[in-house]
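A closer look at the structure
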Amino acid sequence: MKSGIVFINLGTPAAPTAAAVRQFLKQFLSDRRVVEVPRLLWLAILYGIILPFRSPRVAKAYQQIWMNETSPLRYFSQRLVDGVATQLAERYPDQELELRLAMSYGQTSISATVDELLALGCERLFFLPLFPQYSATTTAAVHDEISRIFSRRRDIPQWSWLRNYHDHPAYIDALAQSVQRHWSEHGRGERLLMSFHGIPKRNVDLGDPYQRHCEETAAALAAKLGLSEKEWQLSYQSRLGKAEWLQPYTDKTVIALANSGIKKLDVLCPAFAVECLETIEEIDGEVHEYFIENGGEEFRYVPCLNDSEAHQKLMFLLLKSFLEEKRHLFS
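Before going into details, it helps to say that this report is about the structure given with it. (Residues numbered from 1 in each chain as written. Predicted model: local features only at pLDDT ≥ 70, side-chain atom pairs only at ≥ 80, totals over all residues. Heavy atoms only, no water.)

Things to note about the packing of helix H6 (residues 169-186) against helix H11 (residues 309-324)
Condition: The angle between two axes is taken between their N-to-C directions and runs from 0 to 180 degrees, where each axis is a line fitted to C-alpha atoms and a helix contributes only its stretch in contact. Here a helix means four or more residues in a row that DSSP labels H or I, a strand means two or more in a row labelled E, and each is numbered from the N terminus. To sort the angles, those under 35 degrees are grouped as roughly parallel, those over 145 as roughly antiparallel, those from 65 to 115 as roughly perpendicular, and the leftovers as oblique. Whether two residues are in contact is decided by their heavy atoms, any of which lying within 4.5 Å being enough. We call Asp, Glu, Lys and Arg charged. Ala, Val, Leu, Ile, Met, Phe, Trp, Tyr, Cys and Pro are nonpolar, and the rest, Gly among them, are polar.
The interhelical angle for the contact between H6 and H11, taken along N-to-C directions, is 180 degrees, at an axis separation of 9 Å. With respect to each other, H6 and H11 are oriented roughly antiparallel. Mapping the contact onto sequence places Ala170, Tyr171, Ala174 and Gln177 in H6 and Ala310, Leu314 and Leu317 in H11. Residues that form the contact of H6 with H11 fall into these classes: six nonpolar, one polar and no charged.

Quick word on unusual backbone geometry
Cis geometry marks the peptide bond from Gln247 to Pro248, where omega comes out at 10 degrees. If you trace the backbone, Pro248 turns up in the loop between strand E6 (232-237) and helix H9 (250-259). With a phi angle near 65 degrees, Ser238 is a residue other than glycine that sits in the positive phi range. Residue placement: Ser238 occurs in the loop between E6 and H9.

A look at the sheet that holds strand E5 (residues 191-197)
What counts here: Following DSSP output, two strands are said to pair if at least two bridges run between them.
An order of E6-E5-E7-E8 is seen for the four strands of this open sheet, with the pairing classed as parallel. For this open sheet the edge positions go to E6 and strand E8 (298-302), each flanked by a neighbour on one side alone. Ignoring which end each strand starts from, the neighbouring axes of this sheet average 25 degrees apart. Direction of pairing for E5 relative to strand E7 (residues 264-268): parallel, over a ladder of four bridges.

Digging into the pattern of salt bridges
For the record, the criterion: Take a side-chain nitrogen of Lys or Arg and a carboxyl oxygen of Asp or Glu: if they are within 4 Å of each other, that pair is a salt bridge. We call a residue buried when its accessible area falls under 20% of the maximum for its residue type, exposed when it is over 50%, and partly exposed in between, using a 1.4 Å probe and counting protein chains only.
In total, this model carries 13 salt bridges according to the counting rule given. Residues Arg33 and Asp144 are paired through a salt bridge, measuring 2.6 Å at the closest nitrogen-oxygen approach. One end of the pair, Arg33, is in the loop between helix H1 (18-29) and helix H2 (39-65); the other, Asp144, is in helix H5 (residues 139-151), and 111 residues separate them in sequence. Taking relative accessible area as the criterion, Arg33 reaches 31% and is therefore assigned partly exposed. Here Asp173 ties to Lys224 by a salt bridge, and the two come within 3.0 Å at their closest N and O atoms. Remark: Lys224 occurs in helix H8 (residues 210-225) and Asp173 occurs in helix H6; sequence separation between them is 51 residues.

Some words on the sheet that holds strand E2 (residues 97-106)
Backbone-to-backbone hydrogen bonds pair the strands of a sheet. The strands run either parallel or antiparallel. Across the sheet, which stays open at both edges, the four strands sit in the order E2-E1-E3-E4 with parallel pairing between neighbours. The sheet is open, and its two borders are formed by E2 and strand E4 (158-161), each paired with just one other strand. Each strand of the sheet is rotated relative to its neighbour by a mean of 25 degrees, with strand direction disregarded. As judged from the six bridges shared by strand E1 (residues 3-12) and strand E3 (residues 124-129), these two strands associate in the parallel manner. Residue pairing for E3: Ile8 is matched across the bridge by Pro129. The sheet strands contacting H1 are E1 and E2, and the helix crosses E2 at an angle near 90 degrees. Across the face of the sheet, helix H3 (residues 72-91) comes into contact with E1 and E2 while running at roughly 160 degrees to E2.

Shown next, in the form of structure tokens:
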């Protein structure tokens, strides 16, 4: 029985142009899972302010980080999938497996990827969202799309998915290895800041487990690294609009750390599987500048897991249950 495995990341503009960014942001920010603001009000803000004014500015940022004729998010995501495919072919040579990368928004949609795999004869599908910490804004949006796809079909394949892996031992190990390798190459800062992507506080108040997952990831990583409470902090980045988001905010935290006398700061973004605009341009760009401008001396950004061996091993272990358990479901 042929199986299809779909890795899913958020998405990326097709090109670093204002038009391509506008098209991407329009689809992304129109998702009701992403923005839970009264519809008419939000559409007025989206079409009247965000798309016309934010698109050119974001396009310029993408132009600074574009690599190998694509975005870092797509580049590293595809390399990760290719690496896992090689490992699976070696470990399970007798299984018919088709691995694909899909995006929640933008090109290479989940829908088109599912159509391709079913056309190839896949009778089982497994979806692996590359979001370690569950949130309705990301993971549930993937589930919504999968459900929409199959709601239009009469012949639905057997399918399952991975909800989250925020506390998986191999995930924590991979993060720890990344930090330790960075320390061995660049020295160790006075504080390790773990910056997670933020979401509106209201989302958590309504039941989103994202904040708890972030806190559990951070605590597990600190324990793995043997850090005391004074040696690490957690913060949230990338807020949008005037509503209260999860705090403490990364930009304000970095400024406060610099003002308090911290001279050497290490920053890690555990919620991002691979590099993207929010890690390169925002953290290692804007936030880096805030730290230096306020008295800090060395800002050391710890890269995402990307296509590293540890990340490939993690993905392999997450897929192992699907491939080896009789029911092909995670317990």
